Amino acid sequence: MAKPSTFANMVSTLLVICLASSAALGVAYELTKEPIAKAILAKKISAVEQVLPSFDNDPLEEASSVSVDEGVLVFYPAKKKGKFVGAAVETFTRKGFSGEIKLMVGLLPDGTINKIVVVQASETPGLGDKIAEEKSDFAKQFFGKDPSTFIMKVKKDGGSVDAITAATISSRAFCDAVTRAYDAYKRGFKR
Amino acid sequence: MSLWANFTKGFLKENPVFILVLGTCPALAVTTSVSNGIGMGLSTTFVLAMSNLVISALKNFIPDKVRIPCFIVVIASFVTIVDLVMAGFFQAIHAQLGIFIPLIVVNCIVLGRAEAFAAKNGLLASFVDGLGMGLGFTLALTIISFFREALGAGAFLGHKFIRGDGILVFVLAPGAFFVFGYVIAIVNRINKMASGGK
């Protein structure tokens, strides 16, 4: 039968259980620390590789960050044989429908958008999640465009972007994130 | 009760979602696609079986008045372990389930089985109960997410079988309630017929 609920019993039991749990968690943390870090890094590398033309340096090694109005953008410059061929910009927006959206935007030296990959988003499945390239053609309309002539606003707001049906907020957020990356790129990031 | 009956009762007769109506928060929130449903179900199954096992082993050492904090510490530890392991080895599904993994801690099914079953029964019976209940939960999530993904996105496990969009409302929150309601009605009907009613 259970031990009687005396003060000493209760305190000692809780103490022992908490100690044992902490020990188990410590072990689990140590064992998973490396795979977690690796998985996050792999995701970043793959996003950088996807949005940039071929390069032979290590953009992650040369990354630099720029503070903008409400956060930090990270630039990953790509070079081929020492020549600057473009940069991947890790950008964000807080205007998404559910939570922050993080994008990796690949920009060529002249400011043309090469490709865009969604790094993190929790937009509505079936609607807002179509900002991802593999889910619809929405992101593709940005590829190869020069934002100085391609106005990154949805058509409803007077821009050149075809919004996703029933997901105007997500479409606007996407434009916001790309604009933020492009502006910072044009403004501060010179090689 | 035989071990087999103990194991299978979670599937239909005492299905945690459809009959006991516990754990409806994850059942409604993550069932937008079959892979999410299965991932959530199996994570919960692991936590249920392991916490039932440990709590059953400790039941004679835990004073009655502090049993709930003790149970919660055990459950929370297993949930954190699942969270870490998923983040390390199953990145894709972890990114999808996100906040709902830590929330398994407060899933009523886990504490419910600890209190109602594991605290009174032996090691093996408790483990089997946790396993059965967890698989019942997985089954429920799979059924709900199957209908939601099929109707809402026209897909099964991410493979589209129609062109274009499905009936989008089924992917959204109201669709979860529609499907949930209909499936509960059908399961109740089946249970009634099985127990000799008409």
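Counting from 1, residues in each chain are numbered in the order their sequence is written. Throughout, the order in which chains and ligands are written sets their labels, letters from A for the former and numbers from 1 for the latter. With the structure being a predicted model, the display of local features is reserved for residues of pLDDT at least 70 and the display and counting of side-chain atom pairs for 80 or more, all residues being used for whole-chain, interface and lining totals.

A. Focus on the nonpolar core. Think of a nonpolar core as buried Ala, Val, Leu, Ile, Met, Phe, Trp, Tyr and Cys residues chained together by C-beta atoms that fall within 7 Å. Residues are called buried when their C-beta atom has 20 or more other C-beta atoms within 10 Å, exposed when it has 12 or fewer, and partly exposed otherwise; all C-beta atoms are positioned from the backbone. Core analysis: the biggest nonpolar cluster contains 50 residues, and Val47(B), Val74(B), Ile75(B), Phe78(B), Ala140(B) and Ile144(B) have the highest contact counts within it. Elements with a minimum of two residues in this core: helix H3 (34-58), helix H4 (67-89), helix H6 (108-118), helix H7 (123-153) and helix H8 (173-194) of chain B. Secondary structure elements follow DSSP: runs of H or I of four or more residues count as helices, runs of E of two or more count as strands, with numbering from the N terminus. No other element matches the 13 residues that H7(B) contributes to this core. We call two residues in contact when the distance between their C-beta atoms, placed using the backbone, is within 7 Å. Apart from residues lying up to four places away in sequence, Val74(B) is in contact with Ile17(A), Ser21(A), Ser51(B), Val54(B) and Ile55(B). Formed by 40 residues, the second largest nonpolar core is a distinct cluster that contains Ala87(A), Ile116(A), Ala167(A) and Phe174(A).

B. Fine view of the environment of Met193(B). With respect to the element layout, Met193(B) can be found in helix H8. For Met193(B), a count of 10 C-beta atoms within 10 Å gives the class exposed.

C. Structural view of the pairing of strand E4 (residues 101-107) of chain A. Residues and elements named next belong to chain A. Among the seven residues of E4, six are classified as buried, and the element is accordingly described as predominantly covered. We treat two strands as partners when DSSP finds at least two bridges between them. Across seven bridges, strand E3 (residues 83-93) lies against E4 in antiparallel orientation. If you follow Thr93 over to E4, its bridge partner there is Ile101. By the bridge criterion, six bridges tie E4 to strand E5 (residues 113-120) in an arrangement that is antiparallel. Looking across to E5, one finds that Met104 is bridged to Val117.

D. A look at H7(B). Residues and elements named next belong to chain B. Taking 1.5 Å as the rise per residue, H7 with 31 residues should run 45 Å; its terminal C-alpha atoms sit 43 Å apart, in good agreement. The element H7 is largely enclosed, with a buried count of 24 among its 31 residues. Just downstream of H7, Gly154 is the residue with a positive phi angle, here 65°. By this rule the span expected of a helix is its residue count minus one, scaled by 1.5 Å.

E. Here's a closer look at the sheet that holds E5(A). All names here are of chain A. What the five strands build is an open sheet, ordered E1-E2-E3-E4-E5; its pairing is antiparallel. Two strands bound the open sheet, and with one partner strand each, they are strand E1 (64-68) and E5. Neighbour-to-neighbour, the strand axes of the sheet open up by a mean angle of 25°, direction not taken into account. For strand E2 (residues 71-80) and E3, the ladder comprises seven bridges, and the chain directions are antiparallel. Residue Lys80 lies in a different strand from E3, and its bridge partner there is Lys83. Working convention: axes come from line fits to C-alpha atoms, limited for helices to the stretch in contact. Angles between N-to-C directions cover 0 to 180 degrees.

F. Highlighting the packing of H3(B) against H4(B). Residue and element names in this part refer to chain B. For the pair H3 and H4, the least separation of the axes is 9 Å and the interaxial angle reads 140°. H3 and H4 meet at a crossing whose hand is right-handed. Residues Ser43, Phe46, Val47, Met50, Ser51, Val54 and Ile55 of H3 pack against Phe71, Val74, Ile75, Phe78, Val79 and Val82 of H4. Under the grouping applied here, Gly and all other residues not named as nonpolar or charged are polar, the nonpolar ones being Ala, Val, Leu, Ile, Met, Phe, Trp, Tyr, Cys and Pro and the charged ones Asp, Glu, Lys and Arg. Here the contact of H3 with H4 is composed, by residue class, of eleven nonpolar, two polar and no charged. In this scheme the crossing of two helices becomes right-handed for a clockwise turn of the near helix relative to the far one and left-handed for an anticlockwise turn of less than a right angle.

G. Examining the interface of chain B and chain A more closely. Across the boundary between the two partners, chain B contributes 30 residues, which contact 26 residues of chain A. Secondary structure elements with two or more residues in the side of chain B that touches chain A: H4 and H7 of chain B. Of the residues belonging to the side of chain B that touches chain A, the class tally is 17 nonpolar, nine polar and four charged.

H. Representation of the environment of Ser5(A). Among the structural elements, Ser5(A) can be located in the segment before helix H1 (7-51). Not counting residues up to four positions away in its chain, the partners in contact with Ser5(A) are Met10(A), Pro63(B), Asp64(B) and Lys65(B).

I. Broad picture of the environment of Ala121(A). Residue and element names in this part refer to chain A. Secondary-structure assignment places Ala121 in the loop between E5 and helix H2 (168-188). For Ala121, a count of 23 C-beta atoms within 10 Å corresponds to the buried category. Sequence-wise, Ala121 and Glu61 are 60 residues apart; in three dimensions their C-alpha atoms are separated by 25 Å.

J. Here's a closer look at H3(B). The first and last C-alpha atoms of H3(B) sit 36 Å apart over 25 residues, in line with the 36 Å expected at 1.5 Å per residue. The element H3(B) is extensively covered by neighbouring structure, given that 19 of its 25 residues are classed as buried.

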